Amino acid sequence: FGGHQSSYYVGMIILMIFVFSFLPISVRMTAAVNAIIYGTYLLPILFFDSITHPRVFINNNAFLLVAVVGSLVWRYLNYNLLVRNLSLQYDLEEKKENLEAYSLQLESMVAERTHELSKTSQWHQALFENATDGIVVLDRNGMIVNANERACEMHGFSKDALVSSHSSLLEVDENRPAAADRFKRILDGETIVYETAHYKKDGSRIQLEVSAKAIPIHE
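Residues numbered from 1 in each chain as written. Predicted model: local features only at pLDDT ≥ 70, side-chain atom pairs only at ≥ 80, totals over all residues. Heavy atoms only, no water.

Describe in detail the overall build of the protein, supporting the description with residues and values.
Across its full length, the protein holds 6 helices and 4 strands. Across the protein, helices and strands are ordered from the amino to the carboxyl terminus as α-α-α-β-β-α-α-α-β-β. Relative to the 2.2 N^0.38 estimate, which gives 17 Å for 219 residues, the radius of gyration of the protein is 47 Å and therefore markedly larger than a compact globule would have. If one aligns the C-alpha atoms of the protein with their principal axes, the spans along those axes are about 135 × 30 × 25 Å. Across the 219 residues in the protein, those meeting the buried criterion constitute 23%. Residue pairs at least 24 apart in sequence account for 48% of intrachain contacts in the protein once pairs closer than 6 positions are excluded. Mean positive and mean negative side-chain charge positions of the protein (19 and 25 charges, respectively) differ by 7 Å. (Helix = DSSP H or I, 4+ residues; strand = E, 2+ residues; numbered from the N terminus. Rg over C-alpha atoms; globule rule 2.2 N^0.38 Å. Buried < 20%, exposed > 50% of the residue type's maximum accessible area, 1.4 Å probe, protein only. Contact = heavy atoms within 4.5 Å. Lys, Arg positive; Asp, Glu negative; His and termini not counted. Charge placed at Lys NZ, Arg CZ, Asp CG, Glu CD.)

Put into structure tokens, the structure is as follows:
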């Protein structure tokens, strides 16, 4: 009784409305709770109270209705924000799972490709080392960068002794000018087959038939 003119009573109801608007419930549930709270204020006044201060009663209802609408708007905006955040989080999780799956697939492909390259490298190395002909690999400056087992046997040097040495050291003295000319022709792209003599480790000479070609390798 007398609740229609009690600002304290209205203030407590407004507080309840806003408290419920912050709870994690749906928009419909918020509207139903607000309607119950507002009905708890309005119905007893209409049925049991005498409205002696209409202006105060109207003002109180205006505040209550503004609070109800405000809480519903707040709940609606908060709900939409929550949906957007959950949708964004779901999209991020989905993209993360896709990236993880792609990463695993890529790792598998890299491992498979590495294994294939390793097999190819071992195969080529086996062919190189077990060739019946001597094979010596030079760089553009004529430095020996690799030699197979047969080439080392023919010259009497170990592989460590040949690698990093200049190829001209193997050429006999009288053939060195011609060797420099042949090397220039090879670098210009010409394939050359020729006969020459090399020094062995013990100072003796070995007669060779050489087939040489430049192979460009891009690092």
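Before we move on, could you go through the nonpolar core and cite the residues and values that matter?
Counting residues in each nonpolar core, the largest one holds 11 residues, listed as I13, I14, V33, I37, Y38, Y41, L42, I45, F57, L64 and A67. For this core, the elements supplying multiple residues, two or more each, are α1 (7-21), α2 (27-48) and α3 (54-129). By residue number, the principal contributor to this core is α2, which donates 6 residues. In this structure, M154, I186, L208 and V210 belong to the second largest nonpolar core, which totals 8 residues. (Core = buried A, V, L, I, M, F, W, Y, C linked by side-chain atoms within 4.5 Å.)

Describe the side chain of S167, naming the residues involved and giving the relevant values.
With respect to the secondary-structure elements, S167 resides in the loop between α5 (159-162) and α6 (176-187). Not counting the four nearest positions on each side in its chain, S167 is found in contact with L138, G142 and I144.

Give a description of α6 that names residues and reports values.
If you check α6, its first and last C-alpha atoms are 17 Å apart, about what 12 residues at 1.5 Å a residue would give, namely 16 Å. Listing the buried residues of α6 in full gives A179, R182 and I186. Here the buried residues of α6 occupy an arc of 65° about the axis, which is enough to place them on one side. Of the exposed residues in α6, those oriented more than 90 degrees away from the buried face are P177, A180 and K184. Packed against the buried residues of α6 are β3 (192-199) and β4 (205-212). Just beyond α6, the residue with positive phi is G189, at close to 105°. (Expected span 1.5 Å × (residues − 1). Arc of directions from axis to C-beta.)

Pulling in residues and values, what's your account of a nonpolar patch on the surface?
A contiguous nonpolar patch, built from L43, L46, F47, F48 and I51 and spanning about 560 Å² of accessible area, is present on the exposed surface. Among the secondary structure elements, L43 is positioned in helix α2. We classify L43 as partly exposed; its relative accessible area is 44%. (Patch = residues over 30% accessible without salt bridge, like charges linked within 9 Å, V, L, I, M, F, W, Y side chains within 5 Å. Areas by Shrake-Rupley, 256 points an atom, 1.4 Å probe, with all protein chains shown as cover. Salt bridge = Lys/Arg side-chain N within 4 Å of Asp/Glu carboxyl O.)

Quick one: what's the story with unusual backbone geometry, residue by residue and with numbers?
A positive phi angle is found at S164, which is not glycine, with a value near 80°. Looking at where S164 falls in the secondary structure, it is placed in the loop between α5 and α6. In this structure S164 comes out as exposed when scored by relative accessible area, which is 56%.

Account for the environment of T196, naming residues and giving values.
With respect to the helices and strands, T196 occurs in strand β3. Taking the C-alpha atoms as reference points, T196 and E209, 13 residues apart in sequence, are found 6.5 Å from one another. Every residue in contact with T196, bar those within four places of it in the chain, is listed here: E171, N175, R182, I206, Q207, L208 and V210. There is a polar contact of 3.0 Å between the side chain of T196 and the side chain of E171. (Polar contact = N/O pair within 3.5 Å; in protein donor to acceptor, adjacent residues only side chain to side chain.)

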